[in-house]
Amino acid sequence: MKIFSGTSNKPLAENLAKKLGTELSPLEIHVFPDGEKRVRVLEKVVDEDCVVVQPTSPEPDKNYMELFFIVDALRRSGASKIKAVIPYLGYQRQDHVFRVGEAVSLEVIATLLKWGGVDEVISFDLHSIKIPEIFKIKLIHLSALPIFAEQIKKMGKESVLISPDMGGIRRIKILSEMLNNMPYAVIEKNRDLATGKITMSGIRGESASWRKENAVIVDDMISTGSTIVTAASLLKDKGAKNIYVFAAHAVFSEDAPKMLGDSSLRKVFVTDTIDIPKSKRFPKLKILSVAETIAKQLKKNS
Ligand code: R5P
């Protein structure tokens, strides 16, 4: 099995290769002055199983195009099977028509991946469990929740898990089971689809149990940070003491790092599904790696 990496998260790809006892196979990715890219495989891959690591945010379009070119280069060079490790699957929040007239962008991505020659996709903590149904190729859905559970256990104090919206209820129940049925509560969140503005009206479940020592907000991703910061301030108003966050994907758009850094949150745990540049890191941020989880999955089928 040969491991290749696009440019979106080389540290994760290198870490993965190390865990698999190998090194990244070489690729040439040349960027022309107008921004177009030329991709070339620099190693023989005839009849080889090839893995390409390339999360797709930010910038999703640029990263997807690069992935398509790498896959095409591998296919033309004779690779027998191509697995795309896309730890963060860009466009996953556009998985159905929300308002009449919209495109289903994720379906376009799924079609292009299959058409381009990808045999299997490996991804993490998808926004909806129905997403694999959109794909006409195998999509393996891994999760960072076991990694989060280990970390929450280490925190040791009495905690309650908080989902910042009803959509996260399944996730929070799974995590609660992993933690010996840790209590959980769910915030009622509304997002205006046109403006993106978030409002939170209250907390459901486990009445008052969020007043325990630690309130642990769990989400799939942090993009603008509005969901987390609004949830944290609601919890503070309701009397929560220490507020922690666990989110798989650090999309970190706009001012998210500053908002999170300036908030009342104690710590923000994310994973390395997306590479976080130094400029977006802040003292409260803790990054947990998913490399071992991907390595285990790849070893299963090799
Ligand atoms: C929404 O349903 C998701 O689970 C996340 O809560 C959301 O995408 C986070 O976005 P933002 O950080 O922009 O509020």
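Above this text sits the structure in question.
Residues numbered from 1 in each chain as written. Predicted model: local features only at pLDDT ≥ 70, side-chain atom pairs only at ≥ 80, totals over all residues. Heavy atoms only, no water.

Considerations on the overall build of the protein chain
Part 1: A count of helical and extended segments in the protein chain gives 9 helices and 14 strands.
Part 2: The C-alpha atoms of the protein chain give 20 Å as radius of gyration, which agrees with the globular expectation for 302 residues (19 Å, within 12%).
Part 3: Projecting the C-alpha coordinates of the protein chain onto the three principal axes gives extents of approximately 60 × 45 × 35 Å.
Part 4: Taking all 302 residues of the protein chain together, the buried fraction comes to 51%.
Part 5: Sequence separation of 24 or more characterises 63% of the internal contacts of the protein chain that already satisfy a separation of 6 or more.
Part 6: Approximately 14,400 Å² of the protein chain is accessible, and the part contributed by carbon and sulfur atoms is 49%. (Helix = DSSP H or I, 4+ residues; strand = E, 2+ residues; numbered from the N terminus. Rg over C-alpha atoms; globule rule 2.2 N^0.38 Å. Buried < 20%, exposed > 50% of the residue type's maximum accessible area, 1.4 Å probe, protein only. Contact = heavy atoms within 4.5 Å. Areas by Shrake-Rupley, 256 points an atom, 1.4 Å probe, with all protein chains shown as cover.)

Some words on the pattern of salt bridges
Part 1: Under the criterion given, the structure shown has 16 salt bridges.
Part 2: One salt bridge connects Lys83 with Glu120, and the closest N-O pair in it is separated by 4.0 Å. Here Lys83 is found in strand β5 (residues 81-85), whereas its partner Glu120 is found in strand β6 (residues 120-124), with 37 residues between them in sequence.
Part 3: According to the relative accessible area criterion, Lys83 is buried, its value standing at 4%.
Part 4: Look at Glu120 and you get buried, because its relative accessible area is 2%.
Part 5: Close ionic contact of Arg171 with Asp220 constitutes a salt bridge, the shortest N to O distance being 3.8 Å. Here Asp220 lies in strand β11 (residues 214-222) and Arg171 lies in helix α6 (residues 169-178), a separation of 49 residues in the sequence.
Part 6: Here Arg171 falls in the buried class, since its relative accessible area comes to 11%.
Part 7: Overlapping salt bridges, with partners in common, bring together Glu28, Arg38 and Arg40 in one network. (Salt bridge = Lys/Arg side-chain N within 4 Å of Asp/Glu carboxyl O.)

Some remarks on empty space enclosed by the protein
Part 1: Tallied over the full model, the rule gives 1 cavity of 30 Å³ or more.
Part 2: If you add up the space inside the largest cavity, you get close to 30 Å³.
Part 3: For the largest cavity, the full set of lining residues is Asp125, Leu145, Phe148, Arg171, Val218, Asp219, Asp220 and Ala248.
Part 4: Elements supplying a minimum of two residues to the lining of the largest cavity: α5 (145-155) and β11.
Part 5: It is β11 that provides the largest number of residues to the lining of the largest cavity, a total of 3 residues. (1 Å grid on protein atoms, 1.4 Å probe; cavity = no way out; pocket = protein on both sides within 12 Å on 5 of 7 lines; lining within 4 Å. Points joined across faces, edges and corners; volume = space filled by probe spheres on them.)

With respect to the sheet that holds β5
Think of a sheet as strands paired side by side through backbone hydrogen bonds, with each pair either parallel or antiparallel.
Part 1: Read from one edge of the open sheet, 5 strands run β1-β4-β5-β6-β7, paired in parallel fashion. Looking at the sheet topology across the chains shown, the edges are occupied by β1 (2-5) and β7 (138-142). Each strand of the sheet is rotated relative to its neighbour by a mean of 20°, with strand direction disregarded. (Pairing = 2+ DSSP bridges. Axes fitted to C-alpha atoms, helices over the stretch in contact; angles between N-to-C directions.)

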